[in-house]
Amino acid sequence: MKSLYVKTIMVVLIVCLVAVTGFTAGQRDEAVIRIGVAGAHSGDLASYGLPTVNAAELVAEMYNAEGGINGARVQLIVEDDVCQPEVAANIAAKLVGDGVVAVIGHICSGATFAALGTYLDSDILAISPSATAPDLTQSGEYPNFFRTIASDDAQARMQVDFALDTLNVRRIAVLHDRGDYGRGLAENARDFIQADGRGQVVVFDGVTPGAVDYSAIIARIEQSNADAVIYGGYHPEASRIVGQMRDRGMQTLFISGDGVKDDTFIQTAGPASEGVYATGPMDLSGNPVAMDAARRHREKYGEDPGPFFLEAYAAALALFNAIEIGGTDYDGIANALRNNTVDTSVGPIRFDRRGDAEGVGFAVYQVQNGVYVELR
Amino acid sequence: MNYFLGLFVSGLTRGSIYALLALGYTMVYGIIELINFAHGEIYMIGAFTALILASVLSIAGLDALSILVIASLVAMIYSAAYGYTMEKIAYKPVRHSQRLSALISAIGMSLFLQNYVRLAQTSNFLPFPALIPRFTFLDLLPFRASSAQFVIFVTTAVVMILLTFLIKFTRIGKSMRAASQDKTMAMLLGVNVNRVISVTFLIGSATAALGGVLISSFTGQINFFIGFMAGIKAFVAAVLGGIGSIPGAVLGSFVLGWTESFGAGYISSDYEDVFAFAILVLILIFKPSGLLGRPENKKV
C-alpha cells in the first residue's frame, strides 16, 4: 500500500515534469524565428561570405531591439559552406534539421545550386546576395530561390535593350577580348539580339588583348556598316578601339559594360571617349538605407563593409519584412516577397516570378564632358 | 579594293611597329647569340621616360614637335644607359657559361625591370599624349593613314637603312661582324669585343626607346606590361625573318603584320594569333633559318 503511494507520487511528478518541459519548449518555438545564414566564412572566398553574416546580424539586431518579427525573436544560425557544393549540401540538410524558416545565402552559385534542392523539398526559401548564375532563376527549377543581385546576363540584356529600344540601332557588331568575362558578355548580347529579331549581328569576333593595333577589325566593322558596337572586355582595349574608330572618322556608337565604366577609360581614350555608353552597377552612394547600413557596420565592427554587404543587408530586410507580412509558412513568405516593394540598401525592390529582384543591378551611363553620367 | 588597301596599310603599320622592336632583338642576337628578353622592357622604359618628360615639357609650354624630338632623344639616351648597364650586370658575367644561363638571366632581367617600373611608377594604364602632329598631306592619299602610322613606317625604314649601313660600311660595323663570326679570333686581331658588345646594346636599346616613344604615341596608353606584349610578337617577327639579319627582321615583321591583318580582316580576328604562329611554323619547316637568315654551318 505504501509502495503504491510512492509510485503514484512519482508518476505525478514525472507527468508534471514532462508537461512543464514540454510547455516551455513549446513556448520557445513560438517566440523564435530561426534564419539560416550560409556561405563561405572560411577559406579563400571568406571575404565574400563574411560581410553577409555581418549584414544579417545587423538587421536581426535591429528587429530584435524592437521586439522581433511579430513578437518573435530572430535567431540566426550561421553555417560555413566554404563555397563548395558538397559541403553546401550537408549544411543545407543541417539547417533543415535546425528548423530554419528561410536561408540568407548561399554566396557562390555552385554551392547555391547544390543546396537549393534540399531546401525546396523542405519548403524553405533561400535568398542570396551574390549568386549570379543565370540558371538559378531562369531555369524555373527553383521557385524557392530569390536574389538581390542582378544575374550575370543582366548587363548584356540591358545593353541589347538599350541599343534596340533607346538608340534604335539595327546593325550591331559584337566584339570581345576572348576572356571569360568579355566573351560571356558578348555571347549573351549576341544571343539576345538574335532572339529579339529586330536587330542583326553583323560582326561577332574576338580581339587580342594588348595588341599594338586594332585597325584590321575596325576596318571590318566599317565595311559591315554597323550602327553600333557592343564590346565585352576591359578599358585598355576599349579605349584603343574607340580611339582608332574615331581617328578614322567613324561615328559608330560604342556600348560596353562595367569593365569599361572606369575613369581610366576616359583618361586614356581622351576626347574619343565622349558619347561612349557603358552599363555599370547602379550608384547606391546616395541611398539612405545603404548609408545607414554602412554607418551601423562601422559602429559595430569598426571597419567599412566588405563585398555584397549591401545586397545581403537588402536580402535580410526583404526577407524579414516578408515574414512580418506573410507569416512563417513558405507560401506566405514567397507571396510577400513577390508582391511587396521594400525600401532596401540596394533601392526599392520587389521580386519577379522567377526570383530576380526588380529594380536591382545596372544602369546605363554615358561619357558626357569627360565624366560618366547615369542615363535615366 | 578599298577594304583590301585598308587592311594592307593596317598590316604595314603593325609590321613597322614590330620591326622597330625586332631590329634590336636581331642585332643583339647577331653579335652574341643571346635572345635579349629584356628588350621589350627597355622599350617600355623608353616610353615611360618620354611620358614623364613630355608632361614636364608641356607644362613648360613647348609645342608638340619639339617635345617629340627632345623626349625621344632623352628617352633614347636614358634607355641606352639601361641597356649598357643591363649587359654589364646580367649578361657579361655569364657570357662564357652555357647559353641557357644567359637566357635565364635575360628572362630574370625582364621580370625585374617590369616589376621595378610597376612599383616605382604605377600598375595602372597611363594616357600617353599624341606627340606626333597631324600632317595634312596624308589626307590626299587614297586610303586613311594617320600621321603616327606614317612616322612609324618612315622611322622603321630609316633605322633599317642606317643600321645596315653601319654594319656594312663602318669600322665599328666591321668589328661587329668580326665579333659575330668568331669572338676569340676577333680579339686576337685586336678587336675590343667588350666594347663592340656594349655598343651593340647601346644602339639596340636606343632603337627600342625610339620605338617606345613612337608606338606609345600611336597607341595612346602605356603601362609596365606593354614591353612584354609587344616584345613577344617582335621576337616572333625576328625569328620569322631569320634572327641575326637586319633586313630579315623588317621583312619578317611585315609578313607577320600582313598575316595578322588580312587574317583578321577576311577570316576572324579571334584567330589572329593562330595565323601568326601558323605562318611561323610553316616558314620554319621549309626554311629553318628564317626568311633571310644565313643557314647555320656547324663548325666541326
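Placed above this text is the structure.
Rules used in this analysis
Positions within a chain are numbered from 1, following the residues in the order the chain's sequence is written. As they are written, the chains are lettered A onward and the ligands numbered 1 onward, keeping that order. Where local features are concerned, this predicted model is filtered to residues with pLDDT of at least 70; where side-chain atom pairs are given and counted, the filter is 80 or more; whole-chain, interface and lining totals use all residues. Hydrogen atoms and water are omitted, and side-chain values are computed over all heavy atoms in the structure. Here, a strand pair is defined by DSSP locating no fewer than two bridges between the strands. Strands here are runs of E lasting at least two residues and helices are runs of H or I lasting at least four, both read from the DSSP assignment and numbered beginning at the N terminus. Crossovers are marked right-handed if the path from the first strand over the helix to the second runs clockwise, as seen with the strands pointing away from the viewer. Here, the term nonpolar core denotes a set of buried Ala, Val, Leu, Ile, Met, Phe, Trp, Tyr and Cys residues that are joined through side-chain atoms within 4.5 Å. Any residue under 20% of the maximum accessible area for its type is buried, any over 50% is exposed, and the rest in between are partly exposed; the area is computed with a 1.4 Å probe on protein chains only. Contact criterion: two residues are considered in contact whenever any of their non-hydrogen atoms come within 4.5 Å of each other. Structural elements are reduced to axes, namely lines fitted to C-alpha atoms, with helices fitted over the stretch in contact, and the angle between N-to-C directions of any two is expressed from 0 to 180 degrees. Counted as salt bridges are all cases of a side-chain nitrogen of Lys or Arg within 4 Å of a carboxyl oxygen of Asp or Glu. Pairs of cysteine sulfur atoms within 2.5 Å are identified as disulfides in what follows. Roughly parallel refers to an angle under 35 degrees, roughly antiparallel to one over 145, roughly perpendicular to one between 65 and 115, and oblique to any angle outside these ranges. For any helix crossing, the convention is left-handed if the near helix is rotated counterclockwise from the far helix by under a right angle, and right-handed if that rotation is clockwise. Ten residue types, Ala, Val, Leu, Ile, Met, Phe, Trp, Tyr, Cys and Pro, are classed as nonpolar, four, Asp, Glu, Lys and Arg, as charged, and the remainder, Gly among them, as polar. Each residue after the first adds 1.5 Å to the expected span of a helix. Accessible-area loss on putting two parts together, using a 1.4 Å probe and summing over both, is the definition of buried area adopted here. Definition of a polar contact: a pair of N or O atoms within 3.5 Å, with one able to donate and the other able to accept a hydrogen when the atoms are protein atoms, and with sequence-neighbouring residues admitted only if both atoms are side-chain atoms.

A. View of the pairing of strand β7 (residues 200-206) of chain A. Residues and elements named next belong to chain A. Sheet topology places strand β6 (residues 171-176) next to β7; 6 bridges connect them, and they run parallel. Bridge pairing in β7 links Leu-175 to Asp-205. Crossover connection from β6 via helix α7 (residues 180-196) to parallel β7: handedness right-handed.

B. How the structure looks around the nonpolar core. Core analysis: the biggest nonpolar cluster contains 86 residues, and Met86(B), Tyr91(B), Met176(B), Phe201(B) and Leu214(B) have the highest contact counts within it. Sorting elements by how many residues they give to this core places helix α1 (residues 2-32) of chain B first, with 14 residues. If we ignore the near neighbours within four places in the chain, the residues touching Leu214(B) are Leu20(B), Leu68(B), Ile132(B), Val151(B), Ile152(B) and Thr155(B). Within the second largest apolar cluster, 44 residues are counted, among which are Ile33(A), Ala102(A), Ala334(A) and Ala336(A).

C. Region of interest: the sheet that holds strand β2 (residues 73-80) of chain A. All names here are of chain A. With respect to topology, 5 strands assemble into an open sheet ordered β2-β1-β3-β4-β5, the strand pairing being parallel. In this open sheet, the two edge strands, each paired with only one partner strand, are β2 and β5 (145-147). Strand-to-strand twist across the sheet, computed as the mean angle between neighbouring axes with direction ignored, equals 25 degrees. Both strand β4 (residues 125-128) and β5 contribute to a ladder of 3 bridges, which runs parallel. Directly across from Ala-126, in β5, lies its bridge partner Phe-145. Helix-sheet contacts for helix α2 (residues 46-65) involve β1 (32-39), β2 and β3 (102-104), and the interaxial angle to β2 is about 170 degrees. In the packing of helix α3 (residues 85-98) onto the sheet, the strands contacted are β1, β2 and β3, and the crossing angle to β2 comes to about 155 degrees.

D. How the structure looks around the pattern of salt bridges. A full pass over the atoms with the stated rule returns 29 salt bridges over all chains. The salt bridge involving Asp292(A) is made with Arg295(A); its shortest N-O contact spans 2.5 Å. Taken together, the residues Asp292(A) and Arg295(A), both in helix α11 (residues 288-301) and 3 residues apart, mark about one turn of the helix. Residue Arg295(A) is classed as partly exposed on the basis of its relative accessible area, which comes to 39%. Two residues, Glu272(B) and Arg14(B), come together in a salt bridge whose shortest N-O distance is 3.4 Å. Residue Glu272(B) is found in helix α11 (residues 272-286), and its partner Arg14(B) is found in helix α1; the two are separated by 258 residues along the sequence. In terms of burial, Glu272(B) and Arg14(B) fall into one category: buried. The structure contains a network of salt bridges with shared partners spanning Arg178(A), Arg183(A), Glu187(A), Asp213(A), Arg14(B), Lys233(B), Glu260(B), Asp270(B), Glu272(B) and Asp273(B).

E. Broad picture of the environment of Asn168(A). Position of Asn168(A) relative to the elements: it lies in the loop between α6 (154-166) and β6. When the C-alpha atoms of Asn168(A) and Gly280(A) are compared, they prove to be 21 Å apart, with 112 residues separating the residues in sequence.

F. View of the state of the cysteines. All names here are of chain A. Within this structure, the stated rule accounts for 1 disulfide over all chains. Residue pairing for Cys-83: its cysteine sulfur links by disulfide to Cys-108, the two sulfurs lying 1.8 Å apart. Across the disulfide from Cys-83 to Cys-108, rotation about the S-S bond amounts to roughly 70 degrees, and the bridge is consequently right-handed. Here Cys-108 lies in the loop between β3 and α4 (109-121) and Cys-83 lies in the loop between β2 and α3, a separation of 25 residues in the sequence. For the pair Cys-83 and Cys-108, one class covers both residues: buried.

G. Molecular detail of the packing of helix α2 (residues 39-60) of chain B against helix α8 (residues 193-219) of chain B. Residues and elements named next belong to chain B. Contact geometry for α2 and α8: axes closest at 7 Å, N-to-C directions at 55 degrees. The angle between α2 and α8 places the two elements in the oblique class. For α2 against α8, the interelement crossing comes out right-handed. Across the interface between the two elements, His-39, Ile-42, Tyr-43, Gly-46, Ala-47 and Ala-50 of α2 pack against Gly-204, Ser-205, Ala-208, Ala-209, Gly-211, Gly-212, Val-213, Ile-215 and Ser-216 of α8. Here the residues of the contact of α2 with α8 sort into 8 nonpolar, 7 polar and no charged.

H. Representation of the sheet that holds strand β13 (residues 357-358) of chain A. Residue and element names in this part refer to chain A. Read across the open sheet, the 3 strands follow the order β11-β12-β13; overall the sheet is antiparallel. Either end of the sheet is taken by a strand with one partner, and the two such strands are β11 (342-344) and β13. Sheet topology note: the β11/strand β12 (residues 347-351) ladder contains 3 bridges and is antiparallel. Within β12, the position partnered with Val-342 by the bridge is Ile-349.

I. The arrangement of α4(A) in detail. Residues and elements named next belong to chain A. For α4, built from 13 residues, the straight-helix expectation of 18 Å at 1.5 Å per residue is met to within 8% by its first-to-last C-alpha distance of 19 Å. Inspection of α4 places Ser-109, Ala-111, Thr-112, Ala-115, Leu-116 and Tyr-119 among the buried residues, and these make up the whole buried set. Looking at the buried side of α4, the elements it contacts are β1, α3, β3, β4, α5 (135-138) and β5. Of the residues one or two after α4, Asp-123 is the one with positive phi, at around 55 degrees.

J. Structural context of the interface of chain A and chain B. Across the boundary between the two partners, chain A contributes 29 residues, which contact 25 residues of chain B. Taken over both partners, the interface formed by chain A and chain B buries close to 2,200 Å², and the fraction arising from carbon and sulfur atoms is 51%. Interface area lost by chain A to chain B is led by Val212(A), Asp213(A) and Ala216(A), which between them contribute 25%. Where chain A touches chain B, the interface holds 4 salt bridges. The tally of links between chain A and chain B comes to 16 residue pairs in polar contact (both at pLDDT 80 or more). Where the side of chain A that touches chain B is concerned, the elements lending two or more residues are β7, α8 (215-223), α9 (235-247) and α10 (263-269) of chain A. If one sorts the elements of the side of chain A that touches chain B by residue count, α8(A) sits on top with 7 residues. Among the residues making up the side of chain A that touches chain B, the classes are represented as 8 nonpolar, 12 polar and 9 charged.

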